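An overview of the molecular structure
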Amino acid sequence: KNLGYGKANNLGLNEVKTKYALILNPDTELFTSTLENFLLLAKMNPDFAIIGPNIKEDKKEENLEIEKSKEGVNIPDLFSAQSVKGYAMFLNLKEFKQVGFFDENFFIYLEEIDLCKRLLEKGKKIYWCPSVLIFHEGGKSHDSSVDKEMELSRNWHWMWSTFYFNKKYRGFFISLMIVIPKLSSAILKFLLYSLLSNKSKRDIYYQRYSGLINSIMGKDSWYRPKI
């Protein structure tokens, strides 16, 4: 069944027997140098937790070689990061023993930001390297025939995850103040598009309202697209 991004990745990660793991979304493709460069960076920086790649928006091959000095660590384009995108994450599994993997309460959205935040709180290192390239088409993990349902799902879960993430780190009342403008906007726009008989827009803003209300009430991220 559809477990969501975090829980499904946790299933796989808990079965990995190697030192490293590479998480990839289904709308990504590797270049010939991608894995080699990931492994080279891992050898040079054995205490990393996550390395994020550089997104490339076309499939034209670029074989970028990572520079090495005599000491083996001259990497001018390896940058410390607060977080990396979840479409592609290269993990050093020993660095996750204290922290664990993804928070399974998230169905989708912000789970990678949450994971990176927990890693940094434990002093772990997260990097982004523009010389590691991955093609990412973006928004193409599903067939176009279900675009409408996926849009409804995206809006519901983005709102649910926004409140849950803020509540986790800032507490209930501060998080409520943060999302009240979003909640008010969703209600007003739902009413407006209902009056205008714009069903498509009305449904989107209802989903935004529903996602927020369910999260505020402490309910699980239960919504699933009807596909």
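So, how was this worked out
Residues numbered from 1 in each chain as written. Predicted model: local features only at pLDDT ≥ 70, side-chain atom pairs only at ≥ 80, totals over all residues. Heavy atoms only, no water. Helix = DSSP H or I, 4+ residues; strand = E, 2+ residues; numbered from the N terminus. Buried < 20%, exposed > 50% of the residue type's maximum accessible area, 1.4 Å probe, protein only. Contact = heavy atoms within 4.5 Å. Areas by Shrake-Rupley, 256 points an atom, 1.4 Å probe, with all protein chains shown as cover. Core = buried A, V, L, I, M, F, W, Y, C linked by side-chain atoms within 4.5 Å. Salt bridge = Lys/Arg side-chain N within 4 Å of Asp/Glu carboxyl O. Phe/Tyr/Trp six-rings, centres within 6.5 Å; stacked < 30°, edge-to-face > 60°. Lys NZ or Arg CZ within 6 Å of the ring centre and 35° of its normal.

1. As for the overall build of the protein chain
What the protein chain contains, in helices and strands, is six helices and six strands. Mapped from its N terminus to its C terminus, the protein chain presents α and β elements in the order α-β-β-α-β-β-β-α-β-α-α-α. Taking all 227 residues of the protein chain together, 45% fall into the buried category. Put simply, of all contacts in the protein chain between residues at least 6 apart along the chain, 80% involve residues at least 24 apart. Total accessible area on the protein chain stands at roughly 12,800 Å², and carbon and sulfur atoms take up 55% of it.

2. A short note on the nonpolar core
If you look at the biggest cluster of nonpolar residues, it comprises 19 residues, and the most contacted ones within it are Leu-13, Ile-50, Met-89, Leu-91, Phe-96, Leu-115 and Leu-119. Breaking this core down by element, the ones donating at least two residues are helix 1 (5–13), strand 1 (20–24), strand 3 (48–56), strand 5 (88–92) and helix 3 (111–121). Considering each element in turn, this core owes the most residues, three residues, to helix 3. Excluding residues within four positions of it along the chain, Leu-91 makes contact with Leu-13, Lys-19, Tyr-20, Ala-21, Ile-23, Phe-48, Ala-49, Ile-50, Phe-96 and Phe-101.

3. Side note on helix 2 (residues 34–44)
Three or more residues of helix 2 are buried, namely Thr-34, Asn-37, Phe-38, Leu-40, Leu-41, Ala-42 and Met-44. At its buried positions, helix 2 is contacted by strand 1, strand 2 (28–30), strand 3, strand 5 and strand 6 (125–136).

4. Some words on the pattern of salt bridges
The final tally for this structure, using the stated rule, is nine salt bridges. Among the salt bridges present, the one from Arg-118 reaches Asp-114, with a minimum N-O distance of 3.1 Å. With a gap of four residues between them, Arg-118 and Asp-114 both fall in helix 3, about one helical turn apart. Asp-114 shares its class with Arg-118; the two are buried. The salt bridge involving Glu-151 is made with Arg-154; its shortest N-O contact spans 2.7 Å. With a gap of three residues between them, Glu-151 and Arg-154 both fall in helix 4 (residues 147–170), about one helical turn apart.

5. Quick notes on the packing of aromatic side chains
What the rule picks out here adds up to 19 aromatic pairs. When the centroid spacing of 5.9 Å and the interplanar angle of 25 degrees are considered together, the rings of Tyr-20 and Phe-48 count as stacked. Remark: Phe-48 occurs in strand 3 and Tyr-20 occurs in strand 1; sequence separation between them is 28 residues. Residues Phe-48 and Phe-90 carry aromatic rings whose centres are separated by 5.8 Å and whose planes lie at 10 degrees to one another, so their mutual orientation is stacked. Taken together, the residues span a long stretch of sequence, with Phe-48 in strand 3 and Phe-90 in strand 5 at a distance of 42 residues. Here Phe-48 matches Phe-90 in class, with each residue buried. Taken together through their ring pairs, the aromatic side chains of Tyr-20, Phe-38, Phe-48 and Phe-90 make up a single cluster. Above the ring of Tyr-169, the side-chain terminus of Lys-117 is found at 4.8 Å from the ring centroid. The ring of Phe-107 carries Arg-224 above its face, with NZ or CZ at 3.7 Å from the centroid.

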